[in-house]
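Report on the structure
This is what each chain is made of:
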Amino acid sequence: MLDDFMTRATLAGVGVAFAAAPLGSFVVWRRMAYFGDATAHAAILGVALSLALQMSIFAGAMAIALIMAMTVTLLTGRGYAMDTLLGVLAHSALAFGLVAVSFLSGIRIDLMAYLFGDILAVSRSDLAVIWGGAALVVGLIGWRWSALLTATLSEELAYASGVNPKREQLVLTFSLAITVAVAIKVVGVLLIAAMLIIPAAAARPLARTPEQMAVAGAAIGAFSAIAGLRAAYLLDTPAGPSIVCVAALVFVATSLLRTARA
């Protein structure tokens with residue numbers, strides 16, 4: 001079954017949706033959209049270093065994404081406005097990554113595939129990495145779910161409940177780095193933040209509890225992957241952007257539904 005490239009692409013898209021859904025909910029609740037964008041942009045530098053050092057793309061992208069996320073976490077509140085800090089780091093990391101790629105000699109690299117994804121070229125080993133990463137993210141978020149919710153609601157409430165919000169922030173940071181690393185092959189660094197935010201935002205009007213929002217976000221992400229791939233096949237459009245377009249249309253539909261209910 002996995003010899004069919006469309007089957008592999010579909011499984012890859014669904015795997016990324018499952019990884020992004022619970023994390024995306026916290027990104028929306030904590031208003032960390034730009035944080036996810038900055039971490040994703042940094043992954044291009046990780047790709048360049050991986051190719052230069054002849055190591056795993058997944059390992060390099062995850063390492064740099066984790067370093068970026070940790071840097072932002074450590075510098076926040078030290079004289080820099082969050083949006084300014086994220087803007088500087090995000091665009092600087094992307095620029096340095098693109099420059100680093102240009103210095104690679106004797107290595108063929110399809111830069112567009114890493115910027116916008118190349119889900120149709122996903123291999124069996126890529127599937128193993130994607131689903132392994134998704135399982136790790138879902139397991140980690142599930143394990144820390146109550147503590148993460150408490151820290152998201154209020155730092156004071158978290159401390160009163162014996163929860164360290166800084167530790168929970170590190171859990172989210174680590175999960176974000178894993179998600180970026182597994183999603184880079186599917187939707188590319190420029191669209192990873194979209195898959196984190198849009199399904200979760202689309203699920204918000206449909207859910208009454210945080211758990212329902214995470215599950216609905218996963219369902220919307222999986223549907224977007226399947227429908228987006230189908231649309232790309234029929235209309236001969238780029239697969240990664242087509243997936244994001246479907247997710248955006250679902251967001252519009254749920255937003256209209258919420259308006260109609262009001």
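Every value quoted in this text rests on a predicted model; they were computed, and no experiment measured them. (Residues numbered from 1 in each chain as written. Predicted model: local features only at pLDDT ≥ 70, side-chain atom pairs only at ≥ 80, totals over all residues. Heavy atoms only, no water.)

Look at helix 12 (residues 239-261): 33 Å from first C-alpha to last across 23 residues, which is about the 33 Å you get at 1.5 Å a residue. Within the sequence span of helix 12, burial applies to Ala239, Gly240, Ser242, Ile243, Val244, Val246, Ala247, Val250, Thr254 and Ser255. (Helix = DSSP H or I, 4+ residues; strand = E, 2+ residues; numbered from the N terminus. Expected span 1.5 Å × (residues − 1). Buried < 20%, exposed > 50% of the residue type's maximum accessible area, 1.4 Å probe, protein only.)

What follows covers the packing of helix 1 (residues 5-29) against helix 6 (residues 124-143). Where helix 1 contacts helix 6, the two axes come as close as 9 Å, and the packing angle between them is 20°. Between helix 1 and helix 6, the angle is such that the two are roughly parallel. Judged by the sense of rotation from one axis to the other, the crossing of helix 1 with helix 6 is left-handed. On helix 6, the residues that touch Arg8, Leu11, Ala12, Val14, Gly15, Val16, Phe18, Ala19, Pro22 and Phe26 of helix 1 are Arg124, Leu127, Ile130, Trp131, Ala134, Val137, Val138 and Ile141. (Axes fitted to C-alpha atoms, helices over the stretch in contact; angles between N-to-C directions. Parallel < 35°, antiparallel > 145°, perpendicular 65-115°, else oblique. Left-handed = near helix turned anticlockwise from the far one by under 90°. Contact = heavy atoms within 4.5 Å.)

The subject of this paragraph is the pattern of salt bridges. Counted under the stated rule, the structure contains two salt bridges. Across the pair arginine 144 and glutamate 168 runs a salt bridge, and its minimum N-O distance is 2.5 Å. Here arginine 144, found in the loop between helix 6 and helix 7 (145-153), pairs with glutamate 168, found in helix 9 (residues 165-183); they are 24 residues apart in sequence, far enough to count as distant. Exposure remark for arginine 144: the relative accessible area of 15% places this residue in the buried category. (Salt bridge = Lys/Arg side-chain N within 4 Å of Asp/Glu carboxyl O.)

The subject of this paragraph is the packing of aromatic side chains. By convention here, two paired aromatic rings are described through the distance between centres and the angle between planes. Scanning all chains against the criterion turns up four aromatic pairs. Aromatic pair phenylalanine 26 and tryptophan 29: ring centres 5.1 Å apart, planes at 85°, arrangement edge-to-face. Note that phenylalanine 26 and tryptophan 29 are positioned in helix 1 at a spacing of three residues, about one turn of the helix. According to the relative accessible area criterion, tryptophan 29 is partly exposed, its value standing at 21%. Relative to tryptophan 145, the ring of tryptophan 29 has its centre 6.3 Å away and its plane inclined at 70°; by these criteria the two rings are edge-to-face. One end of the pair, tryptophan 29, is in helix 1; the other, tryptophan 145, is in helix 7, with 116 residues separating them in the sequence. Linked through ring pairs, Phe26, Trp29 and Trp145 together constitute an aromatic cluster. Lying over the aromatic face of tryptophan 143, arginine 144 brings its terminal NZ or CZ to 5.0 Å of the ring centre. (Phe/Tyr/Trp six-rings, centres within 6.5 Å; stacked < 30°, edge-to-face > 60°. Lys NZ or Arg CZ within 6 Å of the ring centre and 35° of its normal.)

Turning our attention to the environment of leucine 140. Residue placement: leucine 140 occurs in helix 6. Residue leucine 140 is classed as buried on the basis of its relative accessible area, which comes to 16%. Note: C-alpha distance between leucine 140 and serine 175 (35 residues apart in sequence) is 7.5 Å. Those residues in contact with leucine 140 that sit more than four places away from it in its chain are Val171, Phe174 and Ser175.

You can see serine 255 is positioned in helix 12. Among the polar contacts made by the side chain of serine 255, one reaches the main-chain carbonyl oxygen of phenylalanine 251 at a distance of 2.8 Å. (Polar contact = N/O pair within 3.5 Å; in protein donor to acceptor, adjacent residues only side chain to side chain.)

For the rest of this paragraph, the subject is the nonpolar core. In this structure, Ile119 and Ile192 are the most contacted members of the largest nonpolar core, which totals 68 residues. Among the elements that line this core, the one with the most residues is helix 9, at nine residues. Apart from residues no more than four positions distant in its own chain, isoleucine 119 is found in contact with Ala9, Ala12, Gly13, Lys185, Val186, Leu229, Ala239 and Ile243. One finds Ala202, Ile220, Val246 and Val250 within the second-largest nonpolar core, a separate group that totals nine residues. (Core = buried A, V, L, I, M, F, W, Y, C linked by side-chain atoms within 4.5 Å.)

Across the protein, pLDDT averages 84, with 93% of residues at or above 70. Element-level pLDDT for the protein is lowest in helix 5 (residues 111-116), with a mean of 73, against a maximum mean of 93 in helix 11 (residues 210-235). (pLDDT = per-residue confidence, 0-100.)

Attention now moves to a nonpolar patch on the surface. A grouping of Phe18, Trp131 and Val138 is seen on the molecular surface, where their side chains present a nonpolar patch of about 240 Å² in accessible area. Mapped onto the elements, valine 138 comes out in helix 6. (Patch = residues over 30% accessible without salt bridge, like charges linked within 9 Å, V, L, I, M, F, W, Y side chains within 5 Å. Areas by Shrake-Rupley, 256 points an atom, 1.4 Å probe, with all protein chains shown as cover.)

Moving on, we get to the environment of glycine 240. You can see glycine 240 is positioned in helix 12. Note on glycine 240: relative accessible area 3%, which makes it buried. Between the C-alpha atoms of glycine 240 and glycine 228, which are 12 residues apart in sequence, the distance is 7.8 Å. Each residue touching glycine 240, except ones within four places of it in the same chain, is listed here: Phe116, Val186 and Leu191.

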